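Below are the chains, spelled out letter by letter.
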Amino acid sequence: MKRLLWMAISLVIIAQGARTATGAETKPAVRVTVVYNNVPHKAGLSTAWGFAAVVESGSDALLFDTGGDGPTLLANMKRLEIAPERINSVFLSHNHGDHTGGLNDFLARHAKLAVYLPKTFPASFQRAVKRRGARVVAIDGPQRLFANLYSTGVMSEGIDEQSLIIDTSKGLIVITGCAHPDIVKIAEAAHIYRNKEIYLLMGGFHLRGRRADQIDATIKALRKLGVRKVAPSHCTGDEAIAMFRAAWGKDFLESGCGAVIELP
Ligand SMILES: [Zn+2]
Ligand SMILES: [Zn+2]
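Quick notes on the rules
Residues numbered from 1 in each chain as written. Chains lettered and ligands numbered in written order. Predicted model: local features only at pLDDT ≥ 70, side-chain atom pairs only at ≥ 80, totals over all residues. Heavy atoms only, no water. Donors = N, O, S within 2.8 Å, 3.2 Å for Na, K, Ca; no water. Buried < 20%, exposed > 50% of the residue type's maximum accessible area, 1.4 Å probe, protein only. Phe/Tyr/Trp six-rings, centres within 6.5 Å; stacked < 30°, edge-to-face > 60°. Helix = DSSP H or I, 4+ residues; strand = E, 2+ residues; numbered from the N terminus. Lys NZ or Arg CZ within 6 Å of the ring centre and 35° of its normal. Axes fitted to C-alpha atoms, helices over the stretch in contact; angles between N-to-C directions. Parallel < 35°, antiparallel > 145°, perpendicular 65-115°, else oblique. Contact = heavy atoms within 4.5 Å. Nonpolar A, V, L, I, M, F, W, Y, C, P; charged D, E, K, R; others polar. Pairing = 2+ DSSP bridges. Core = buried A, V, L, I, M, F, W, Y, C linked by side-chain atoms within 4.5 Å.

A. Inspection of the coordination of the zinc ion (ligand 1) at higher detail. Around the zinc ion (ligand 1), the protein supplies His94 (NE2), His96 (ND1) and His180 (NE2) as donor atoms, at distances of 2.1 to 2.2 Å. In this structure, the zinc ion (ligand 1) is positioned 3.7 Å from the zinc ion (ligand 2). Residue His94 is classed as buried on the basis of its relative accessible area of 0%. Taking the relative accessible area as the measure of exposure, His96 reaches 27% and is therefore partly exposed.

Given below as structure tokens:
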């Protein structure tokens, strides 16, 4: 009887061990695919002013912003073989048309999901999202969305904007829409909130039209913060993108339309 009990206990321990081992093996790798951008990258895709990216982490697929229009977004996603039905949440950084313009057409295709948006989005906008059948999650302060995905919380320098944080074993991946609250402030906020180094900073850095010395100060501040890799595009501007490419060297990642960034 005692032996039988021990056998049963051992079997439970072995079974639990196997589960843990499987869990460790399937630790989420992250893939970010840029599906909408004014910066070109992959042939055969349409470029237009705006930004959107699909973040795949574990079994989740999140659409970060929606670009400026639905037809371009959906056509690019189709060419990149990402079915809208695979997306299980939408994250809207801020209420500018080049980031929200594709939402309505996207939700018309697929709305069984949550839309994470700054709580200051107009009530009419939030109502329209609900009417499409999606669930609205209004974001205020820094918070966990689900799994290893977080919001910096809504930051404001005139325009309310939240940025996405993916907490990975390599460090943080931070994705910005336009970085209106300032890319350095956003990076600092993400770093402080998660108490981890930034592995990759990507998205629009909003440096178009800035003087070279201002861009240089931004680069110095981000390097001081220890940002390992950068992938600026959209409203960063050609001049700033070139300066980031020179400053980060092999750790600069091209991130125009159709670019795929994978975390091993
Ligand atoms: Zn904007
Ligand atoms: Zn923008």
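B. Representation of the packing of aromatic side chains. Enumeration over the complete set of coordinates arrives at 7 aromatic pairs. With centroids separated by 6.0 Å and ring planes inclined at 80°, the aromatic side chains of Tyr150 and Tyr193 adopt a geometry described as edge-to-face. Linking Tyr150 in strand β8 (residues 149-151) with Tyr193 in helix α6 (residues 183-194), this pair joins segments that are 43 residues apart in sequence. Under the relative-accessibility criterion, Tyr193 is labelled partly exposed at 26%. Judged by centre distance (5.4 Å) and plane angle (70°), the ring pair of Phe205 and Phe244 falls under edge-to-face. Residue Phe205 is found in the loop between β13 (198-204) and α7 (212-224), and its partner Phe244 is found in helix α8 (residues 238-248); the two are separated by 39 residues along the sequence. For the pair Phe205 and Phe244, a shared accessibility class is recorded, and that class is buried. Members of the aromatic cluster, joined through ring pairs, are Phe51, Phe64 and Phe91. Sitting over the face of the ring of Tyr150, Arg194 holds its NZ or CZ atom 3.8 Å from the ring centroid.

C. Inspection of the packing of α6 against α7 at higher detail. Between α6 and α7, whose axes approach to 10 Å, the crossing angle comes to 10°. As summarised for this structure, α6 and α7 are arranged roughly parallel, according to the angle between their axes. Listed contacts from α7 to Ile183, Val184 and Ala187 of α6 are Thr218, Ala221 and Leu222. Residues belonging to the contact of α6 with α7 are distributed by class as follows: 5 nonpolar, 1 polar and no charged.

D. Highlighting the sheet that holds strand β2 (residues 51-57). Strand order in the open sheet formed by 7 strands is β6-β5-β4-β3-β2-β1-β15, with mixed pairing between adjacent strands. On the outer flanks of this sheet lie β6 (135-139) and β15 (260-263), each paired with one strand and no other. Ignoring strand direction, the axes of neighbouring strands in this sheet form an average angle of 20°. By the bridge criterion, 5 bridges tie strand β5 (residues 114-118) to β6 in an arrangement that is parallel. Within β6, the residue paired with Val115 across the bridge is Val136. Relative to strand β1 (residues 30-37), helix α2 (residues 70-79) is tilted by about 135°, and along the sheet it contacts β1, β2 and β3 (60-64).

E. Focus on the sheet that holds strand β7 (residues 143-146). Ordered in space as β7-β8-β11-β12-β13-β14, the 6 strands form an open sheet in which the pairing is mixed. One side of each edge strand has no neighbouring strand; the edge strands of this open sheet are β7 and β14 (229-233). With strand direction ignored, the average angle separating the axes of adjacent strands in the sheet is 20°. The strands that α6 touches are β7, β8, β11 (164-168), β12 (171-176) and β13; relative to β12, the one it contacts most, it runs at about 145°.

F. Quick peek at the nonpolar core. Val35, Leu63, Ile87, Phe106, Leu107 and Val115 are the most contacted members of the largest nonpolar core, which totals 28 residues. Looking at this core, the elements that each hand over two or more residues are β1, β2, β3, α2, α4 (103-109), β5 and α5 (123-131). With residues up to four places along the chain from it excluded, the contact list for Val115 reads Val90, Leu92, Leu107, Val129, Ala134, Arg135, Val136 and Val137.

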